[in-house]
Amino acid sequence: MHVLSCAIEQMRRQAPLVQCLTNSVVMEVTANVLLAAGAQPAMVDTPEESFQFAQLASGVLLNSGTPSAHQYEGMREAVRGAREADTPWVLDPVGAGALQRRTEFLHQIVTENPTAIRGNASEIIALAGMGHGGRGVDSTDGVEAAAEAARALARTTGGVVAVSGPKDLIVSEGRVTWVHSGHAMLQKVIGTGCSLGALTAAYLGVTRGGSLPEDDGRELSHHDLVVAAHAHTGAAAQLAMYGRTQSGKAVPDGPGTFAAAWLDGLFQLTPEEMVDLVSIEETTEEI
Amino acid sequence: MHVLSCAIEQMRRQAPLVQCLTNSVVMEVTANVLLAAGAQPAMVDTPEESFQFAQLASGVLLNSGTPSAHQYEGMREAVRGAREADTPWVLDPVGAGALQRRTEFLHQIVTENPTAIRGNASEIIALAGMGHGGRGVDSTDGVEAAAEAARALARTTGGVVAVSGPKDLIVSEGRVTWVHSGHAMLQKVIGTGCSLGALTAAYLGVTRGGSLPEDDGRELSHHDLVVAAHAHTGAAAQLAMYGRTQSGKAVPDGPGTFAAAWLDGLFQLTPEEMVDLVSIEETTEEI
Amino acid sequence: MHVLSCAIEQMRRQAPLVQCLTNSVVMEVTANVLLAAGAQPAMVDTPEESFQFAQLASGVLLNSGTPSAHQYEGMREAVRGAREADTPWVLDPVGAGALQRRTEFLHQIVTENPTAIRGNASEIIALAGMGHGGRGVDSTDGVEAAAEAARALARTTGGVVAVSGPKDLIVSEGRVTWVHSGHAMLQKVIGTGCSLGALTAAYLGVTRGGSLPEDDGRELSHHDLVVAAHAHTGAAAQLAMYGRTQSGKAVPDGPGTFAAAWLDGLFQLTPEEMVDLVSIEETTEEI
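Residues numbered from 1 in each chain as written. Chains lettered and ligands numbered in written order. Predicted model: local features only at pLDDT ≥ 70, side-chain atom pairs only at ≥ 80, totals over all residues. Heavy atoms only, no water.

- Per an unreviewed UniProt entry, the recorded name for chain A is Hydroxyethylthiazole kinase, and the organism is Corynebacterium anserum.
- Recorded in UniProt under Function (unreviewed entry), the annotation for chain A is "Catalyzes the phosphorylation of the hydroxyl group of 4-methyl-5-beta-hydroxyethylthiazole (THZ)." (UniProt positions renumbered as here; feature names shortened; annotations may be inferred.)

Quick look at the structure:
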């Protein structure tokens, strides 16, 4: 079986419980994306509950879009819980570089070695300490410009680093993957990137406790699962825009109907469609 | 007139103003559900404003999904205001059992005798002190398993207790009702359960100040109105999935288009359709 | 070129970055409206980041729907930053009059002379100190009833004052404009008014730093740009409900599908359609 098919089937079978400590703008869409894709959301982010919940969750997402002292404390607790229970966790460094306070917090928390990091080019560059970030959440740098920063972060954290853009770059020790999928309309809907961070935590959630699912004898790695999360997101956008040939559905003509069709796509996407719609380009290189 | 028809007509005629102290994930969808169904939302939840507003509102919803000290204080103020003005209020014990802090708060607030309680099976069991709750907001127990806990809560609070699931159980002193309606797709959209809590407060809002609307000489009880809120939610989901025979609309093929069609259904549903689409099973039994 | 066409083209060309300090119920829809219309949202509202960001942003929105001490402090910082950098800012006095605490805050902040104020009739009347406001966010007064209050606010602030309703009233020194557009379904979707406040900040954002775009030699004024924001919102609603004749799309039959179609309309609307769909009635009068 194709590695992507194996990953999506595992994720859906296990329906991972994803603890999201994320910004207040995208909480609803993030929860809807997880539900549509086949996972279970839990928006638990207080200092009091986050340590306990991260030990119970399959995966944890940290998204720095709402920089409150209270949620930062919750994030530290969640990371402590995740590390104790070997729960995979994802760091989404929203706004890194553009704004001082969250950049400082992110530079601290990244030293805890997240299982994966997902951001746009400007954020990855800023997180690696190599640039000055974008303006808010949109990237002002191209994905290629962040390749060096992604490699540096993969080296120092030992994790997987994903740079989202027209094509996504996924880097870990010894592997570089380009994922060609998606549609420009994703940029016109708030929270599609933030939700991808959460979906990455869902895919990684199938490895909770250290057991990696197997695909014809080969274990699925963290790197494979991060690639699959990006492929799932992108293929669903293609399904939303171009539909199925046998379907009589109208093509979305704007971001409103696209957003609904994209959630449908995340839900409907079959393993075979995911393989067909996404093009993967892989190199094994020294990082 | 059928009791359900009478209830939905009364609710829409009065357009009750519902004060929602709810979790930050579902605020938007909750407001949209109230607007679509025919009520008016007001998301007023601060300690400073909640006492005053609960005296003005037709109904009040307390949902424990965001366990902040600040909102808890707002909830205590809202209950104080609601009790002073005889405003009906609904407790939705999201996450009861799974997490210690909110469970403690819920065990306190339930002693204030909410007009109605609405939760999933795990939450109702935990609120009654009979179990250990689910994982986050999804229930790990079946509705039947919560029947005893629902009866116990109805006895101690003197209110109506509703357990949501594939079929909904509504219990109060001397009455047990099963509501068969809805569609599994409701589970794939965040906030459909939380919104039902708010809609329950809207339906109860028609009794504000103590006057119960009449249906052919028989007064509509709190129990009837809670049943109607569940029927409205469920019938709208059926309308969304199966549509009207004369309509040429496409059937939703995922949770994105379903969510939009469900809001349409809440808005469009006629009293006659509500009666036709929902099956009610009632017993009068000692609780 | 028509002044409306000129305004929408300028706004889309510049894609203004709009800093939104807004209430937690409508953050997501506000961001989606800005993206669909052609602007860039940034939900930056903390005391720590707001001063810095308001100097970087093209426009700033202050919406009082979530009355937290923390966000109020952020708003004061944002206004300080906006005034230092000559960034246009919009005040949306949600809930003015109905609730004491936010009314006090609003009476303070309005003395800082916002570039524009946008609210419903009850809020504008309360902000001008002439009445007692509505219940929550819905207006209990007609637009005409707020004309005198709008004139008074325009006089004291030197800015543009917009009163939203079935037809919108826009007032500034020496000018009174009525905008006929929109559809009643906008009232059935949460956040359409709040999003209009944000879109007003986007349109005003094209004047950042003091340079006004020209239309055939005549400069577009703040007043023109506020009118255009209202026309964009209203025309998109008409496009959503009545569609394009050549389109085979289904007409929305409720607020769920309408909300999606409205976002599509904000995205698709051409300058020519905006001029055709909206009727403008203008008088030059002493205020």
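There's more to say after this.
1. Overview of the overall build of chain A
Argument step 1. Scanning chain A from N- to C-terminus turns up 11 helices and 11 strands.
Argument step 2. Here the C-alpha radius of gyration of chain A, 17 Å, is about what a compact globule of 287 residues would show, namely 19 Å.
Argument step 3. Classification of the 287 residues of chain A by burial places 64% in the buried group.
Argument step 4. As displayed, chain A has an accessible area near 9700 Å², and 49% of this comes from carbon and sulfur atoms.
Argument step 5. Charged side chains of chain A number 18 positive and 33 negative; the gap between the two group centres comes to 3 Å. (Helix = DSSP H or I, 4+ residues; strand = E, 2+ residues; numbered from the N terminus. Rg over C-alpha atoms; globule rule 2.2 N^0.38 Å. Buried < 20%, exposed > 50% of the residue type's maximum accessible area, 1.4 Å probe, protein only. Areas by Shrake-Rupley, 256 points an atom, 1.4 Å probe, with all protein chains shown as cover. Lys, Arg positive; Asp, Glu negative; His and termini not counted. Charge placed at Lys NZ, Arg CZ, Asp CG, Glu CD.)

2. Comments concerning the relation of the copies chain A and chain C
Argument step 1. In the superposition of chain A on chain C (RMSD 0.0 Å, axial shift 0.0 Å), the rotation amounts to 120°. Taken together, these values place the two copies in the relation of a three-fold axis. Residue Ser24(A), judged by its C-alpha, is the member of chain A lying nearest the rotation axis, at 4.1 Å.
Argument step 2. Residue by residue, only 4% of the interface of chain A is reproduced at the interface of chain C, so the copies engage with different surfaces. (Least-squares fit on C-alpha atoms with pLDDT ≥ 70 in both. Contact = heavy atoms within 4.5 Å.)

3. What to know about the relation of the copies chain B and chain A
Argument step 1. It takes a turn of 120° to lay chain B on chain A, together with a shift of 0.0 Å along the axis; the resulting RMSD is 0.0 Å.
Argument step 2. An overlap of only 4% is found between the interface residues of chain B and their copies at the interface of chain A, pointing to separate contact surfaces.

4. Details of the UniProt feature "binding site: substrate" (unreviewed entry) in chain A
Argument step 1. This chain's UniProt record puts "binding site: substrate" (unreviewed entry) on Met43(A) and Gly191(A).
Argument step 2. The residue Met43(A) is located in the loop between β2 (40–42) and α3 (47–56) in this model.
Argument step 3. A residue is classified by how much of its surface remains accessible, and Met43(A), at 15% relative accessible area, is buried.
Argument step 4. Not counting chain neighbours up to four residues away, the residues in contact with Met43(A) comprise Cys20(A), Thr22(A), Met27(A), Thr30(A), Ala31(A) and Val25(B).
Argument step 5. Take Gly191(A): it is sitting in the loop between β8 (175–180) and α8 (192–204).
Argument step 6. Relative accessible area serves as the criterion here: at 8%, Gly191(A) is assigned to the buried category.

5. Overview of the interface of chain B and chain A
Argument step 1. Between chain B and chain A, the residue contacts involve 23 residues of the former and 23 residues of the latter.
Argument step 2. For the pair chain B and chain A, the summed buried area comes to about 2200 Å², and 60% of that belongs to carbon and sulfur atoms.
Argument step 3. Linking chain B with chain A are 2 salt bridges, by the criterion used here.
Argument step 4. A salt bridge links Glu49(A) to Arg102(B); its shortest N-O distance comes to 2.6 Å.
Argument step 5. Summed over the shared surface of chain B and chain A, the number is 6 residue pairs in polar contact (both at pLDDT 80 or more).
Argument step 6. Contributions of two or more residues to the side of chain B that touches chain A are made by α2 (27–37), α5 (100–109) and α10 (255–268) of chain B. (Buried area = accessible area lost by both parts, 1.4 Å probe. Salt bridge = Lys/Arg side-chain N within 4 Å of Asp/Glu carboxyl O. Polar contact = N/O pair within 3.5 Å; in protein donor to acceptor, adjacent residues only side chain to side chain.)

6. Re the sheet that holds strand β6 (residues 160–164) of chain A
All names here are of chain A.
Argument step 1. An order of β2-β1-β3-β4-β5-β6-β7-β8-β11 is seen for the 9 strands of this open sheet, with the pairing classed as mixed. Only two strands of the sheet have a single neighbouring strand rather than two, namely β2 and β11 (279–283). For this sheet the average axis-to-axis angle between neighbouring strands, irrespective of direction, equals 20°.
Argument step 2. Alignment of strand β4 (residues 89–92) against strand β5 (residues 116–120), held across 2 bridges, turns out to be parallel. Paired with Leu-91 across the two strands is Ile-117, which belongs to β5.
Argument step 3. Contacting β1 (17–21) and β2, helix α2 (residues 27–37) runs over the sheet at an angle of about 155° to β2. (Pairing = 2+ DSSP bridges. Axes fitted to C-alpha atoms, helices over the stretch in contact; angles between N-to-C directions.)

7. Considering the environment of Asn23(C)
Residue and element names in this part refer to chain C.
Argument step 1. Mapped onto the elements of the fold, Asn-23 is located in the loop between β1 (17–21) and α2 (27–37).
Argument step 2. With 40 residues separating them along the chain, Asn-23 and Asn-63 place their C-alpha atoms 6.4 Å apart.
Argument step 3. Not counting the four nearest positions on each side in its chain, Asn-23 is found in contact with Asn-63, Gly-65, Thr-66 and Cys-194.
Argument step 4. A polar atom in the side chain of Asn-23 sits 3.1 Å from the backbone nitrogen of Val-25.

8. Section: the interface of chain A and chain C
Accessible area lost on assembly of the parts is the figure often given for the size of an interface.
Argument step 1. If you look at the interface, chain A gives 23 residues, while chain C gives 23 residues.
Argument step 2. Each partner contributes to the roughly 2200 Å² buried at the junction of chain A and chain C, and carbon and sulfur atoms together form 60% of this total.
Argument step 3. Where chain A packs against chain C, one counts 2 salt bridges.
Argument step 4. Between Glu48(C) and Arg101(A) there is a salt bridge, and its shortest N-O distance comes to 3.8 Å.
Argument step 5. Going through the elements one at a time, α2, α5 (100–109) and α10 (255–268) of chain A are the ones with two or more residues in the side of chain A that touches chain C.
Argument step 6. Looking at the side of chain A that touches chain C, its residues break down into 9 nonpolar, 7 polar and 7 charged. (Nonpolar A, V, L, I, M, F, W, Y, C, P; charged D, E, K, R; others polar.)

9. Re the confidence of the model for chain A
Argument step 1. Here chain A shows a mean pLDDT of 92. Residues at 70 or above account for 92%.
Argument step 2. For this predicted complex, the interface score ipTM comes out at 0.94, while the overall pTM is 0.95. (pLDDT = per-residue confidence, 0-100.)

10. Comments concerning the pattern of salt bridges
Argument step 1. Scanning the entire structure with this criterion turns up 30 salt bridges over all chains.
Argument step 2. Among the salt bridges present, the one from Arg13(C) reaches Glu9(C), with a minimum N-O distance of 3.9 Å. Taken together, the residues span about one helical turn, with Arg13(C) and Glu9(C) both in helix α1 (residues 3–14) at a distance of 4 residues.
Argument step 3. Its relative accessible area of 59% is what places Arg13(C) among the exposed residues.
Argument step 4. With a shortest N-O distance of 3.1 Å, Arg118(C) and Asp92(C) are connected by a salt bridge. In this pair, Arg118(C) sits in strand β5 (residues 116–120) while Asp92(C) sits in strand β4 (residues 89–92), placing the two residues 26 residues apart along the sequence.
Argument step 5. Through salt bridges with shared partners, one network takes in Arg175(A), Asp224(A) and Glu282(A).

11. Brief notes about the environment of Ile190(C)
Argument step 1. One can find Ile190(C) in the loop between β8 (175–180) and α8 (192–204).
Argument step 2. The exposure class assigned to Ile190(C) is buried, which follows from its relative accessible area of 12%.
Argument step 3. Distance in space between the C-alpha atoms of Ile190(C) and Leu225(C) is 24 Å, their sequence separation being 35 residues.
Argument step 4. Once you skip the residues sitting within four places of it in the chain, Ile190(C) turns out to touch Glu28(B), Ala31(B), Asn32(B), Leu35(B), Pro41(B), Val25(C), Val26(C) and Val29(C).

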